[in-house]
Amino acid sequence: QLQGGQSNYLVETPSNGYFMVFEADSNDDLYWTQSTDGGYEWSAPNLLFAGVIEAMAVWYDKWTPGITGDLIHVVFMETGSDDVTYYSINTTSGAETGNIDVLATAALTGGSDICLTIAKARGGNLGVAFRDNAGVVLGFYKSTAEGASASFSAMTDINEVASTDYYILAPGFAADNQDFIAA
């Protein structure tokens, strides 16, 4: 979804009318800010991660049909420790998870051909799919829990061998409510 820094995601939370922005600044550090008055005034930036963010993706619970939660799920790739990392914030309580490894590796290659996406299935599972710039570090990971309890395990990879394809995850609409589609 996001490649490199200096980009952002705006999430409107209809349960409380807030806006939240997740963005990488000019140093590629990752922050979030919040507006409680429709965007007129914004909070001071809250540091989510200091380092070099190569890619970031965001999913809000209510973007999944039938899910009524208030979590915003963020996944990012960074080149300091070469990890793919998950983080969430509850838009009602403000509770944050801190950073949880999806994949800890020492081989991540940054660059312009990175693909990273996250989604929540209709049954509640989280899915994260990614590919680094070299097409070496890639995978599809799933967690049956969310927030601070999230723990990701490798699933059948959606990437083609040495793929340079771009894709986005979305909740599947088959009989199994834990399915994802990748387009």
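Structure: see above.
Below, the structure is looked at part by part. Here the structure is a predicted model, which is why all the values come from computation and not from measurement.

1. Brief notes about the nonpolar core
Within soluble globular proteins, side chains that are nonpolar tend to cluster in buried spots. One finds Phe22 and Phe130 to be the most contacted residues of the largest nonpolar core, which totals 46 residues. Broken down by element, this core gets its largest block of residues, 7 residues, from strand β6 (residues 53-60).

2. Quick word on the packing of aromatic side chains
In the structure shown here, the tally under the stated rule is 6 aromatic pairs. Look at Trp59 and Trp63: their rings are 5.6 Å apart centre to centre, the planes differ by 85°, and that puts the pair in the edge-to-face class. When its relative accessible area of 10% is taken as the criterion, Trp59 is described as buried. A residue is classified by how much of its surface remains accessible, and Trp63, at 38% relative accessible area, is partly exposed. One aromatic cluster in this structure is built from Trp59, Tyr60 and Trp63.

3. Regarding the sheet that holds strand β2 (residues 8-13)
Two pairing modes exist for strands in a sheet, parallel and antiparallel, and in both the strands are linked by backbone hydrogen bonds. Read from one edge to the other, the open sheet built from 4 strands follows the order β2-β3-β4-β5, with strand pairing classed as antiparallel. A strand with exactly one partner marks an edge of an open sheet, and here the two such strands are β2 and β5 (46-49). The mean inter-strand angle of the sheet, taken between neighbouring strand axes irrespective of direction, is 25°. Pairing analysis gives 3 bridges linking strand β4 (residues 30-35) to β5, with the strands arranged antiparallel.

4. Side note on unusual backbone geometry
For Asp28, which is not glycine, the phi torsion reads 65° and is therefore positive. If you trace the backbone, Asp28 turns up in the loop between β3 (18-24) and β4.

Rules used in this analysis
Residues numbered from 1 in each chain as written. Predicted model: local features only at pLDDT ≥ 70, side-chain atom pairs only at ≥ 80, totals over all residues. Heavy atoms only, no water. Core = buried A, V, L, I, M, F, W, Y, C linked by side-chain atoms within 4.5 Å. Buried < 20%, exposed > 50% of the residue type's maximum accessible area, 1.4 Å probe, protein only. Helix = DSSP H or I, 4+ residues; strand = E, 2+ residues; numbered from the N terminus. Phe/Tyr/Trp six-rings, centres within 6.5 Å; stacked < 30°, edge-to-face > 60°. Pairing = 2+ DSSP bridges. Axes fitted to C-alpha atoms, helices over the stretch in contact; angles between N-to-C directions.

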